[in-house]
Amino acid sequence: MSASDLSSRTVLVTGATSGIGFETARQLAERGATVLVHGRTAEDAQAATDRLIASAGIDAGQLCGVAADFTRLEEVEAMARRVVAEHPQLDVLVNNAAIAAPERHTLTADGNEITLQVNFLAHYLLTCLLEPALTSEPGGRVVNVSSSLHRTASIQWSDPQRARRYSRLAAYAQSQLALTVFAADPRVTAVSVHPGVCETDLLSLYAMSGATAAEGAAHVVRLCDPATEIVNGTYYDCDQRVEPAQAATEDRTVKRLSKLADQLVGHNT
């Protein structure tokens, strides 16, 4: 299949300063898309856009740096307001930013376990706030970059912050399960994808070696293309549509998660 032209599309990629996020931004821009390149700071975002212009020959007019530290939900809200104001028609949101859970239980200034907030809650809030811009065009969609590790997880409803029993891997897996469940939320059309085990900062969670970030990004980019038809809530392992963990297909779990997330982000959706 020849790669279709994406020059009419505007895509926001979170965590676009390195790894799969950077490669996703590059591949989208190479196919003509306008890409909002998210970094933790304005300097990080600017450095990434400069690299895309210098190394991939991307036209500077196609790129726009946006910044928010996902450990601070007020920054996520500020970024969302800016994006809606400047890009009222956003075609795709790629929820990619992620951290490997720290060794020790760590809370953000918002009072949330840091992995849950950065990998899921910030994306939940961002998606809810961008909904008016996202749903305006046919083919508009959200692509959640998840992980096969979501299958090993459970959402600890009584202790989502894992204050009682913290394990690095369990905290990371819970954040990825939450992101995968969130893809089935009916408010926006969304899918989730495990891009394969890739040579990124998260590799240590999985294995000693993996595919390149560019190979992983190609699976994400395919799902951003309006030529790829998607069904809300579906889950892909690389380019194969497969069944996610059972929790990710249960209406009850989807509703329960959005209620919990609304409480944790202090947002009335």
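Coordinates for the structure precede this section.
This text gives an overview of the structure that appears in the document. Every value quoted in this text rests on a predicted model; they were computed, and no experiment measured them.

A look at unusual backbone geometry
- Unlike most non-glycine residues, arginine 162 shows phi in positive territory, near 55°.
- Considering the arrangement of structural elements, one finds arginine 162 in the loop between β5 (141-145) and α5 (168-182).
- Residue classification places arginine 162 among the buried residues on the basis of a relative accessible area of 7%.
- Positive phi, normally seen in glycine, also occurs at cysteine 238, with a value near 55°.
- With respect to the helices and strands, cysteine 238 occurs in the loop between β7 (235-237) and β8 (240-242).

Overview of the side chain of aspartate 69
- Along the polypeptide, aspartate 69 turns up in the loop between β3 (63-67) and α3 (73-86).
- Note on aspartate 69: relative accessible area 14%, which makes it buried.
- Among the polar contacts made by the side chain of aspartate 69, one reaches the side chain of threonine 71 at a distance of 2.8 Å.

Quick word on α5
- Here α5 contains 15 residues, and its C-alpha end-to-end distance of 21 Å stays within 8% of the 21 Å for a straight helix at 1.5 Å per residue.
- Within α5, twelve of the 15 residues are buried, leaving the element largely enclosed by the surrounding structure.
- By the burial criterion, the buried members of α5 are Ala171, Tyr172, Ala173, Gln174, Ser175, Gln176, Leu177, Ala178, Leu179, Thr180, Val181 and Phe182.
- Along its buried surface, α5 packs onto β4 (92-95), α4 (114-134), β5, β6 (190-194), β7 and α7 (251-265).

Observations concerning the pattern of salt bridges
- Within the structure shown, the criterion is met by ten salt bridges.
- Across the pair glutamate 75 and arginine 72 runs a salt bridge, and its minimum N-O distance is 3.9 Å.
- Judged by relative accessible area, which is 35%, arginine 72 ranks as partly exposed.
- Residues joined in a network through salt bridges with shared partners are Glu23, Arg26 and Glu30.

Here we look at the packing of α4 against α7
- Where α4 contacts α7, the two axes come as close as 10 Å, and the packing angle between them is 100°. With respect to their mutual orientation, α4 and α7 come out roughly perpendicular. Of α7, the residues touching α4 (which contributes Leu116, Phe120, Leu121, Tyr124 and Leu125) are Leu257, Ser258, Ala261, Asp262, Leu264 and Val265.

Overview of the state of the cysteines
- According to the stated counting rule, one finds zero disulfides in the structure shown.
- Of the cysteine sulfurs around cysteine 128, a residue in no disulfide, the closest is that of cysteine 224, at 19 Å.
- Overall, cysteine 128 belongs to the buried group, its relative accessible area being 11%.

Notes on the environment of arginine 151
- Its location among the elements puts arginine 151 in the loop between β5 and α5.
- Linking arginine 151 and leucine 63, residues 88 residues apart in sequence, is a C-alpha distance of 35 Å.
- Of the polar contacts made by the side chain of arginine 151, one reaches the backbone oxygen of glutamate 243; its length is 2.8 Å.

A look at the environment of isoleucine 114
- Checked against the element boundaries, isoleucine 114 lands in helix α4.
- As for isoleucine 114 and alanine 184, which are separated by 70 residues in sequence, their C-alpha atoms are 23 Å apart.
- With sequence-adjacent residues up to four places away left out, isoleucine 114 is seen in contact with Thr71, Ile99, Pro102, Thr106 and Thr108.

Some thoughts on the nonpolar core
- Counting 45 residues, the largest nonpolar core has Leu12, Phe70, Phe120, Leu126 and Leu130 as the members making the most contacts within it.
- Of all the secondary structure elements, the ones that give two or more residues to this core are β3, α3, α4, α5 and α7.
- Counting 30 residues, the second-largest nonpolar core is a separate cluster that includes Val13, Ile20, Val94 and Ile230.

Re the packing of aromatic side chains
- A full pass over the atoms with the stated rule returns three aromatic pairs.
- Ring centres of phenylalanine 120 and tyrosine 124 lie 5.8 Å apart, and the angle between their planes is 50°; on these two criteria the pair is classed as tilted. Taken together, the residues phenylalanine 120 and tyrosine 124, both in helix α4 and four residues apart, mark about one turn of the helix. Note on accessibility: phenylalanine 120 and tyrosine 124 belong to one class, buried.
- For the pair tyrosine 124 and phenylalanine 182, a centre-to-centre distance of 4.9 Å together with 50° between the ring planes defines the contact as tilted. With a gap of 58 residues between them, tyrosine 124 in helix α4 and phenylalanine 182 in helix α5 connect regions that are remote in the sequence. Across the pair, exposure class does not vary: tyrosine 124 and phenylalanine 182 are buried alike.
- Three or more aromatic residues joined by ring pairs make a cluster, and in this case those are Phe120, Tyr124 and Phe182.
- Positioned above the aromatic ring of phenylalanine 22 is the side chain of arginine 51, whose terminal nitrogen or guanidinium carbon lies 3.8 Å from the ring centre.

Thresholds, definitions, all that
- Residues numbered from 1 in each chain as written.
- Predicted model: local features only at pLDDT ≥ 70, side-chain atom pairs only at ≥ 80, totals over all residues.
- Heavy atoms only, no water.
- Helix = DSSP H or I, 4+ residues; strand = E, 2+ residues; numbered from the N terminus.
- Buried < 20%, exposed > 50% of the residue type's maximum accessible area, 1.4 Å probe, protein only.
- Polar contact = N/O pair within 3.5 Å; in protein donor to acceptor, adjacent residues only side chain to side chain.
- Expected span 1.5 Å × (residues − 1).
- Contact = heavy atoms within 4.5 Å.
- Salt bridge = Lys/Arg side-chain N within 4 Å of Asp/Glu carboxyl O.
- Axes fitted to C-alpha atoms, helices over the stretch in contact; angles between N-to-C directions.
- Parallel < 35°, antiparallel > 145°, perpendicular 65-115°, else oblique.
- Disulfide = S-S within 2.5 Å.
- Core = buried A, V, L, I, M, F, W, Y, C linked by side-chain atoms within 4.5 Å.
- Phe/Tyr/Trp six-rings, centres within 6.5 Å; stacked < 30°, edge-to-face > 60°.
- Lys NZ or Arg CZ within 6 Å of the ring centre and 35° of its normal.

These figures come from the coordinates and say nothing about function on their own.
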